[in-house]
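So the chains spell out like this:
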Amino acid sequence: MGSTFAGLENGDQCFCGNTISWTGGNAQPVADSECSTPCPLLNIGTCGGTNRIEIYASPSYALSSPWDLKQNYEGPTFFDEWEFFTRSDPTHGAVNYNNAAYSWSKGLVSINGAGNAIMRVDTTPNITSNRDSVRISTIMHYDGGLVILDAVHMPVGCGTWPAFWSLGTPTWPVDGEIDIVEGVHFAQQNLMSIHTENGCTMPIDFGGTGTLTGSPNCDAHANSNTGCGIRASGPNTYGEGFNSNGGGVYAMIWDDASGGEGIRIWFFPRGSVPFDVSTGEPQPSGWGTPQARWPSTSCNPPDFFKSHMLVFDTTLCGDWAGAADIWSSPVNNGQVGGSCATRTGYSTCVDYIRARGEDFTNAYWEVKSVKLYQ
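Being a predicted model, the structure only gives us computed values, none of them experimental. (Residues numbered from 1 in each chain as written. Predicted model: local features only at pLDDT ≥ 70, side-chain atom pairs only at ≥ 80, totals over all residues. Heavy atoms only, no water.)

S.K.: Teacher, can you tell me more about the packing of aromatic side chains here?
M.R.: One pair of aromatic rings is described through two measures. These are the centre distance and the angle between the planes. Applying the stated criterion across every chain yields a total of 20 aromatic pairs. Centroid distance Tyr250 to Phe267: 4.6 Å. Interplanar angle 35 degrees. Geometry classified as tilted. Highlighted residues: Tyr250 in strand β17 (residues 248-254) and Phe267 in strand β18 (residues 263-269), separated in sequence by 17 residues. Residue Phe267 is classed as buried on the basis of its relative accessible area, which comes to 9%. The aromatic ring of Phe85 is capped on one face by Arg135, whose charged end is 4.1 Å from the ring centroid. Arg343 extends its terminal NZ or CZ atom over the ring of Phe186, reaching a point 3.9 Å from the ring centre. (Phe/Tyr/Trp six-rings, centres within 6.5 Å; stacked < 30°, edge-to-face > 60°. Helix = DSSP H or I, 4+ residues; strand = E, 2+ residues; numbered from the N terminus. Buried < 20%, exposed > 50% of the residue type's maximum accessible area, 1.4 Å probe, protein only. Lys NZ or Arg CZ within 6 Å of the ring centre and 35° of its normal.)

S.K.: Just to check I follow, could you spell out the sheet that holds strand β5 (residues 82-84) for this structure?
M.R.: The strands making up a sheet are joined through hydrogen bonds of the backbone, oriented either antiparallel or parallel. Across the sheet, eight strands lie side by side as β5-β10-β20-β12-β13-β14-β16-β15; this open sheet has antiparallel pairing. Taken across any chain shown, the strands that pair with only one partner, and hence form the sheet edges, are β5 and β15 (211-212). As judged from the five bridges shared by strand β12 (residues 160-168) and strand β13 (residues 177-182), these two strands associate in the antiparallel manner. Residue pairing for β13: Trp165 is matched across the bridge by Asp179. (Pairing = 2+ DSSP bridges.)

S.K.: Can you help me understand the pairing of strand β8 (residues 117-120) in this one?
M.R.: Along any regular strand the residues' side chains alternate between the sheet's two faces. Summarising the sheet, strand β7 (residues 109-111) and β8 pair through three bridges and their orientation is antiparallel. Within β8, the residue paired with Ile111 across the bridge is Ala117. Between β7 and β8, which pair antiparallel in sequence order, lie five residues; one of them, Gly115, sits at a positive phi of approximately 80 degrees. Note that β8 and strand β21 (residues 364-373) share four bridges and pair antiparallel. From the neighbouring strand, Arg120 faces β21, where its bridge partner is Tyr364.

S.K.: I would appreciate a short explanation of the pattern of salt bridges in the present structure.
M.R.: One side chain can pair with another of opposite charge once the charged atoms of both are near each other. Per the stated rule, a full pass over the model turns up five salt bridges. For Arg270, the salt bridge goes to Asp150, with nearest N and O atoms at 2.8 Å. One end of the pair, Arg270, is in the loop between β18 and α3 (275-278); the other, Asp150, is in strand β11 (residues 145-153), with 120 residues separating them in the sequence. Using a relative accessible area of 13% as the deciding quantity, one classes Asp150 as buried. Salt bridges here are not isolated pairs; linked through shared partners, they connect Arg356, Glu358 and Asp359. (Salt bridge = Lys/Arg side-chain N within 4 Å of Asp/Glu carboxyl O.)

S.K.: What am I meant to see in the state of the cysteines here?
M.R.: By definition, a disulfide is the covalent link that joins the sulfur atoms of two cysteine residues. A complete count under the given rule lists four disulfides for this structure. Put simply, Cys158 and Cys340 are joined by a disulfide, and their sulfur atoms are 2.1 Å apart. Between Cys158 and Cys340 the disulfide shows an S-S torsion of about -95 degrees. By sign, it is left-handed. With a gap of 182 residues between them, Cys158 in the loop between β11 and β12 and Cys340 in helix α7 (residues 340-344) connect regions that are remote in the sequence. Using a relative accessible area of 0% as the deciding quantity, one classes Cys340 as buried. Across the disulfide, Cys200 is cross-linked to Cys299 (sulfur-sulfur distance 2.0 Å). Here the S-S torsion is close to -105 degrees, and the disulfide linking Cys200 with Cys299 is therefore left-handed. Of this pair, Cys200 sits in the loop between β14 (191-195) and β15 while Cys299 is found in the loop between β19 (292-294) and α4 (301-304), placing the two residues 99 residues apart along the sequence. Unpaired in this structure, Cys16 has its nearest cysteine sulfur neighbour in Cys14, at a distance of 3.9 Å. The exposure class of Cys16 is exposed, given its relative accessible area of 58%. (Disulfide = S-S within 2.5 Å.)

S.K.: In this structure, what is going on with unusual backbone geometry? I would like to understand it.
M.R.: One can expect most non-glycine residues to show negative phi and most peptide bonds to be in trans. Omega for the bond connecting Thr169 with Pro170 falls within 30 degrees of zero, at 5 degrees, which places this linkage in the cis form. Along the chain, Pro170 turns up in the loop between β12 and β13. A cis amide bond, omega 0 degrees, links Trp172 with the succeeding residue Pro173. Relative to the assigned elements, Pro173 resides in the loop between β12 and β13. Even without being a glycine, Ser307 presents a positive backbone phi close to 45 degrees. Relative to the helices and strands, Ser307 is located in the loop between α4 and β20 (308-316). Using a relative accessible area of 25% as the deciding quantity, one classes Ser307 as partly exposed.

S.K.: Sorry if this is basic, but what is going on with the side chain of Ser166 here?
M.R.: Its location among the elements puts Ser166 in strand β12. Judged by its relative accessible area of 0%, Ser166 falls in the buried class. At 2.7 Å, the side chain of Ser166 and the side chain of His308 are in polar contact. (Polar contact = N/O pair within 3.5 Å; in protein donor to acceptor, adjacent residues only side chain to side chain.)

See the structure below:
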């Protein structure tokens, strides 16, 4: 009596309490049909199911998040508030980025039967120049916030270089760049990075579970524009591992307050997404240690990040995936199965992507939603 919550499992077990701890990621919402066991003694409908707890809350309870939803890209209208980039690829990839009408007509973008947004690479078997692809950016611009990407599938395969990122406008890198999801070829670990003007650095002990991949100097003009990169921990953060697990959720917080928490990124594989994220009431204080973190003590966000838009793209080859040393590397970002030169039998990335369009059937994004909270 007097408890805020009651949990009923399989019609014969009852749990009561005033708080619910979702930390650890084991509790996940399921379809209502999975909680179908009748309640023999209670006139309240159903009482959970096998390994399924149906939660009832006091009428006075309301799950409250400190974050307000400002923009939601989801379902049939997903693409309505994005602009299609049609200029040459700034990273020198062997792609043609196309306008919305062309992309829809050629099936490069679509909404599938599950209501998810699809962005794919052209699979014409043999071409003589660049291959069609998609790059989109939000019409909305933002300064600071919480960005949550829920994706089922990301592009993978030799020659691919997909990314989901946040880009400052109009001047790069003066207004900063935050790479939330990025990798090439058959990499297994996600690479998260920031790129800035001179003056932004990060400590070696940055307070995340990932691994610093190179220089702590985030200046885009230094170190061949590698920025401050952090490689994710875990085999399902990127590529085939991510896709075979049904994807997952990336969450990025950009604290725009001077002297605040800086920039942080978390990853939650499918099956371990916090309940508060799934219900649209994010509670980052319960998410534990982020995979990546750039503290404000050495890179104060208001000084380096301004007026950002969110971006999806899949380029091919280019400055990273097409570099000779990367094409021939068997271990890039945890890649397994040998180098792409060995896998494909082609000595260069561009020769391969032009000749083997049928190999790009897995070079697509499938996105459930992108949400911005502030």
